[in-house]
Amino acid sequence: MVEYRVDFQERNAHLIRVEAKFPVAGEALELKLPVWTPGSYLVREFERHVQDVAAATEEGKPLAVRKIDKATWRVEARAAKRVVVTYGVYANDLTVRSAHADDTHAFFNGACVFLYADGKSPARITIVPPADWKVTVALPEAQPNVFAARDYDELVDSPFEVGTHELLTFTAQGKPHRLAIWGKAPIDRATFTADIVKIIDAAAALFGDGVPYDDYTFLLMLAPNQYGGLEHMRSCALLTSPFTFHPRKKYEELLELISHEFFHLWNVKRIHPEALGPFDYQREAYTRSLWVMEGVTSYYDRHLLVRAGLQKPDKYLEKLAEELSKIASIPGRKRQSLEESSFDAWIKLYRPDENTTNSTISYYLKGGVVALLLDLEIRARTGGKRALDDVMRLLWSRFGKTGKGFADDRVQALCEEATGVELGAFFDRHVRGREEVDAERILRTVGLQLSFDGDDEEGDKKAPYLGITTREDGDALLVATAFDGGPAVEAGLYANDQLLALDGFRVDSSTLKDRLDARRVGDKVRFTIFRRDELREVEVTLGEKPVEKFKIEPAASATDAEKAAYRAWLGEDWKPAED
Ligand SMILES: [Zn+2]
């Protein structure tokens with residue numbers, strides 16, 4: 001048994017203090033902190049925030065302790081049967097994957113806070129909160145503020161919210177649920193919890209088996225300009241803006257985030273590739289299947305809202321058109337397959353830079369669309385008898401319930417087994433390959449027509465095109481990304497160039513687009529820029545804007561079978577386009 005005691009007396013210095021008692025078998029004890037936390041595939045080296053490490057016997061006699069690598073402390077235990085280690089963790093990173101402490105709360109993931117020895121021992125965690133704070137965590141509470149974890153995995157999988165938060169409780173699927181809300185927001189609590197219950201019911205109906213937990217905890221943190229979610233076995237951490245409850249579009253984005261993290265309790269926490277559990281907390285866990293974990297979850301997060309009646313099918317299809325447009329605008333889609341994007345998450349998706357758009361495609365974005373297309377492909381080729389839901393139920397019964405991981409190279413075979421559909425060509429194109437997604441053909445199977453928005457309006461298509469995205473740095477307008485093959489790159493305009501003037505007139509973020517729109521395709525324009533503080537001029541010949549905005553509409557020639565497939569997929573009758 002490892003015993004931890006955590007206090008927050010130095011919260012105004014963003015310090016979480018830990019005292020940990022470890023049993024010792026030999027001469028010395030090696031203690032480590034993880035370099036990453038499950039669900040967030042980047043080596044973050046949480047140990048860089050650890051300070052003031054000291055060790056002693058239970059009687060208080062100091063013991064020598066020194067670091068032997070970036071994440072390991074070696075304690076010379078001598079004859080001691082137990083050692084007591086004390087340390088501080090600097091906690092000033094407000095995200096769902098790290099640790100944050102201030103005068104209102106402490107939120108922390110175990111990977112940031114708890115040193116471990118073998119990782120197998122059960123743990124007892126005593127939280128010592130300030131007088132008016134409460135403790136919310138998805139661990140069994142042995143006594144008030146004393147919690148038990150089976151092993152280190154469970155401890156790391158159970159983030160703590162300790163503070164002044166509001167705690168709501170409700171029942172869904174016959175099980176108790178808690179919702180902790182930190183931060184101020186105008187919330188209609190009854191509607192909000194009722195909507196969450198609808199999401200829970202829709203997800204449980206998909207897997208067809210109730211919910212695989214005794215209780216579940218949502219930890220919701222509200223802070224402006226923040227966004228993120230992290231999934232766990234019996235809880236999830238959510239971080240978003242307090243201004244997300246209205247209007248409806250924003251609120252549906254919040255529900256989508258909740259649905260996403262909740263769906264993960266099946267897909268990734270219980271159903272997962274071999275690499276994702278048990279975890280090696282000291283190095284990267286490589287898998288080619290993050291697109292299954294995150295892409296499939298991204299498909300279902302919004303589809304569950306439609307199933308639950310929380311999002312209208314027309315809004316759903318609008319968002320799908322936006323996603324298809326986004327994919328088509330990313331040159332990196334031709335450089336990375338979904339499997340490659342999954343495998344390199346550690347060095348690419350989680351470490352974006354000015355070349356990201358040119359060299360990578362997100363396994364969330366493309367993975368979500370490919371999961372949708374896979375669902376429709378299965379439905380079409382089985383006459384509606386099978387769907388992606390059948391794949392999820394097979395994965396659940398074979399892997400989720402047994403705790404076994406699946407092999408990366410078995411995903412196609414498992415989809416085929418669950419549906420009876422041969423999917424080699426689909427996987428070659430969409431998963432292993434870098435071709436365009438086959439959306440136009442597949443959407444026709446549910447009576448929908450994919451077309452270019454503004455296709456027939458000359459003005460739109462002929463808008464002059466520079467081929468950059470921009471960002472602001474203080475008052476400066478900078479090139480963020482210059483798209484491969486675009487006019488800016490051809491002319492030698494670079495990422496990080498500061499744009500000052502166009503044809504001698506100042507430009508800023510509010511005027512650049514208007515100035516460009518006033519020109520024609522083929523015009524030469526002269527940019528005055530700073531590059532490494534040197535004033536320079538670059539002449540760019542404006543190109544033609546690639547058509548990259550899609551719309552999805554009911555197809556005029558939809559057949560009865562396609563209309564029925566639409567209804568089976570989105571739960572309402574297919575309707576012809578309105579003019
Ligand atoms: Zn996710």
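Below is a summary of the structure that appears in this document. Computed from a predicted model, the values in this text were never measured in an experiment.

About the criteria used
Residues numbered from 1 in each chain as written. Predicted model: local features only at pLDDT ≥ 70, side-chain atom pairs only at ≥ 80, totals over all residues. Heavy atoms only, no water. Helix = DSSP H or I, 4+ residues; strand = E, 2+ residues; numbered from the N terminus. Rg over C-alpha atoms; globule rule 2.2 N^0.38 Å. Contact = heavy atoms within 4.5 Å. Donors = N, O, S within 2.8 Å, 3.2 Å for Na, K, Ca; no water. Buried < 20%, exposed > 50% of the residue type's maximum accessible area, 1.4 Å probe, protein only. Salt bridge = Lys/Arg side-chain N within 4 Å of Asp/Glu carboxyl O. Phe/Tyr/Trp six-rings, centres within 6.5 Å; stacked < 30°, edge-to-face > 60°. Lys NZ or Arg CZ within 6 Å of the ring centre and 35° of its normal. Axes fitted to C-alpha atoms, helices over the stretch in contact; angles between N-to-C directions. Parallel < 35°, antiparallel > 145°, perpendicular 65-115°, else oblique. Nonpolar A, V, L, I, M, F, W, Y, C, P; charged D, E, K, R; others polar. 1 Å grid on protein atoms, 1.4 Å probe; cavity = no way out; pocket = protein on both sides within 12 Å on 5 of 7 lines; lining within 4 Å. Points joined across faces, edges and corners; volume = space filled by probe spheres on them.

Tallying secondary structure elements over the protein chain gives 17 helices and 30 strands in all. Over its C-alpha atoms the protein chain spans a radius of gyration of 26 Å, differing by no more than 12% from the 25 Å that the globule rule assigns to 579 residues. Taking the principal axes of the C-alpha coordinates as reference, the protein chain spans close to 85 × 65 × 45 Å. Restricting the contact set of the protein chain to residue pairs at least 6 apart, pairs at least 24 apart contribute 66%.

Turning our eyes to something else, we now look at the coordination of the zinc ion. For a metal with four donors in a tetrahedral arrangement, the ideal angle between donors is 109.5 degrees, while six donors in an octahedron ideally sit at 90 or 180 degrees. At this site the zinc ion is bound by His260 (NE2), His264 (NE2) and Glu294 (OE), with donor distances of 2.0 to 2.1 Å. Within one chain, the residues donating to the zinc ion are spaced in sequence as H-x3-H-x29-E. Assigned by exposure class, histidine 260 and histidine 264 land together as buried.

Moving on, we get to the pattern of salt bridges. Scanning all chains against the criterion turns up 43 salt bridges. Among the salt bridges present, the one from arginine 189 reaches glutamate 166, with a minimum N-O distance of 2.6 Å. Of this pair, arginine 189 sits in helix H3 (residues 189–207) while glutamate 166 sits in strand E16 (residues 166–172), placing them 23 residues apart in sequence. For arginine 189, a relative accessible area of 33% translates into the label partly exposed. Exposure remark for glutamate 166: the relative accessible area of 28% places this residue in the partly exposed category.

Let's shift gears to the packing of aromatic side chains. Scanning all chains against the criterion turns up 40 aromatic pairs. With 6.2 Å between their ring centres and 40 degrees between their planes, tryptophan 36 and tyrosine 41 make a pair best called tilted. Note on phenylalanine 114 and phenylalanine 160: the rings are 6.2 Å apart at their centroids and 55 degrees apart in plane angle, and the pair reads as tilted. Here phenylalanine 114 is found in the loop between helix H1 (110–113) and strand E11 (123–128), whereas its partner phenylalanine 160 is found in strand E15 (residues 160–163), with 46 residues between them in sequence. Just as phenylalanine 114 is buried, phenylalanine 160 falls in that class too. One aromatic cluster in this structure is built from Phe170, Phe207, Tyr213, Tyr216, Phe218, Phe262, Phe263, Trp266, Tyr299, Tyr300 and Trp396. Lying across the ring of phenylalanine 343, arginine 288 places its NZ or CZ 4.4 Å from the centre. Arginine 531 extends its terminal NZ or CZ atom over the ring of tyrosine 494, reaching a point 3.7 Å from the ring centre.

A few words now on the packing of H3 against helix H10 (residues 388–400). As a packed pair, H3 and H10 sit with axes 8 Å apart at the nearest point and diverge in direction by 75 degrees. When the axes of H3 and H10 are compared, the pair comes out roughly perpendicular. The residues of H10 that touch H3, namely those facing Ala205, Leu206 and Phe207, are Asp389, Met392, Arg393 and Trp396. Split by residue class, the contact of H3 with H10 holds five nonpolar, no polar and two charged.

Time to look at empty space enclosed by the protein. In this approach the atoms are scanned with a rolling probe the size of a water molecule, which exposes any empty space left behind. Using the criterion set out here, one finds two cavities of 30 Å³ or more in the structure. Mapped onto the lining of the largest cavity, the elements with two or more residues apiece are helix H5 (290–307), H10 and helix H11 (411–419). At four residues, H10 tops the list of elements feeding residues into the lining of the largest cavity. For the lining of the largest cavity, the per-class residue count stands at 12 nonpolar, no polar and no charged. Roughly 30 Å³ of volume is contained in the second largest cavity. Taken together, Ile327, Arg333, Lys366, Arg434, Glu435, Glu436 and Val437 make up the lining of the second largest cavity.

Attention now moves to the packing of H3 against H5. Between H3 and H5, the least distance of the axes is 9 Å, while the angle of their chain directions is 105 degrees. Overall, the two elements H3 and H5 adopt an arrangement that is roughly perpendicular. Contact residues: Ile199, Ala202, Ala203 and Leu206 in H3; Tyr300, Leu304, Leu305 and Arg307 in H5. Classifying every residue of the contact of H3 with H5 gives seven nonpolar, no polar and one charged.

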